[in-house]
Amino acid sequence: MNLRLPQVSSTGEWRLTGRSVFLMLVGFFGFVTIVNIAMIQAAISTFGGLDTPSSYQAGLDFKSEEAAAAAQRALGWTVDGELTSNGDTETLTVDIVDKTGAPVSGVIVDARLVHPVDARRDVPFVLDPTGPGHYRGTAVAQAGYWRLDIDVTRKGEKLFHSRNRVLVH
């Protein structure tokens, strides 16, 4: 193959030829393609997922969620959670009382710190009962703003759900 360099006129000035325009276009779009591939790879490798995997299904489930919220209000429970830091370890204590002020026992309390951007960084708590209506668990979490989700279930039925914004120190 015989590759010719850009033409130079007899006066020593460079001339723009069709071949040099073609090579400039190929070089430009080749560079843009390489940058796009790098950006796509970076976006795919750092994306942690959506908060709602299916907006359509969430819309279909709206009425049942509304009914669950009404049932939760009817219980009249007070669920107090306290998150304390000790170094990089977070301790969550949850106290549950019914509308008469009696402690609620015989339930399973699940909690997790939900990362605001990356679902892969969520931190689950294992909460164990430490007394009537009192539950406690620890987990390791990074400092920052998180969402604390608390679910209370009995025999597989979700009785209580809360979402709260918290600051981990």
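Residues numbered from 1 in each chain as written. Predicted model: local features only at pLDDT ≥ 70, side-chain atom pairs only at ≥ 80, totals over all residues. Heavy atoms only, no water.

Colleague: Now, about the nonpolar core: what can you tell me, with residues and values included?
Modeller: Ranked by internal contacts, the top residues of the largest apolar core, which has 24 residues, are W77, V94, I96, V109 and L113. Mapped onto this core, the elements with two or more residues apiece are β2 (89-97), β3 (108-114), β4 (123-126), β6 (134-140), β7 (144-154) and β8 (157-168). Residues contacting I96, with those up to four places away along its chain left out, are W77, T78, V79, A102, P103, V104, V107, V109, G133, Y135 and V152. (Core = buried A, V, L, I, M, F, W, Y, C linked by side-chain atoms within 4.5 Å. Buried < 20%, exposed > 50% of the residue type's maximum accessible area, 1.4 Å probe, protein only. Helix = DSSP H or I, 4+ residues; strand = E, 2+ residues; numbered from the N terminus. Contact = heavy atoms within 4.5 Å.)

Colleague: Tell me about the packing of aromatic side chains, and name the residues and values.
Modeller: Throughout the structure, instances matching the rule amount to one aromatic pair. A centroid spacing of 5.0 Å and a plane angle of 75° characterise the contact between F28 and F29, whose relative ring orientation is edge-to-face. The class for F28 is partly exposed, based on a relative accessible area of 48%. (Phe/Tyr/Trp six-rings, centres within 6.5 Å; stacked < 30°, edge-to-face > 60°.)

Colleague: Quick one: what's the story with helix α3 (residues 62-75), residue by residue and with numbers?
Modeller: Residues spaced three or four apart along an α-helix face the same direction, because each turn holds 3.6 residues. Taking 1.5 Å per residue, 14 residues should reach 20 Å; α3 reaches 20 Å between its end C-alpha atoms and fits that length. G76 lies just past α3 and shows a positive phi near 70°. (Expected span 1.5 Å × (residues − 1).)

Colleague: Lay out the sheet that holds strand β1 (residues 78-86) in plain terms, naming residues and giving numbers.
Modeller: The antiparallel open sheet is built from four strands, whose spatial order is β1-β2-β6-β5. Each having just a single partner strand, β1 and β5 (128-131) make up the two edges of the open sheet. With direction set aside, neighbouring strand axes in the sheet form an average angle of 25°. As judged from the nine bridges shared by β1 and β2, these two strands associate in the antiparallel manner. Along β2, the bridge assignment pairs G81 with V94. (Pairing = 2+ DSSP bridges. Axes fitted to C-alpha atoms, helices over the stretch in contact; angles between N-to-C directions.)

Colleague: I'd love a proper account of the sheet that holds β3, names of residues and values included.
Modeller: Strand order across the open sheet formed by four strands is β4-β3-β7-β8, with antiparallel pairing between neighbours. Looking at the sheet topology across the chains shown, the edges are occupied by β4 and β8. The mean inter-strand angle of the sheet, taken between neighbouring strand axes irrespective of direction, is 20°. Where β7 meets β8, eleven bridges bridge the pair, whose relative direction is antiparallel. Of the residues in β8, the one forming a bridge with G144 is V168.

Colleague: Which residues make up the pairing of β5, and what are the values?
Modeller: Looking at chain direction, β5 and β6 are connected through three bridges and run antiparallel. Bridge pairing in β6 places D128 opposite R136. If you look at the hairpin formed by β5 and β6, you'll find two residues sitting between the two strands, and G133 has a positive phi there, around 75°.

Colleague: Summarise the environment of G81; cite the residues concerned and give the values.
Modeller: Inspection of the secondary structure assignment puts G81 in strand β1. Each C-alpha atom, one on G81 and one on Y135, is 9.3 Å from the other, the two residues being 54 residues apart in sequence. Every residue in contact with G81, bar those within four places of it in the chain, is listed here: T93 and V94.

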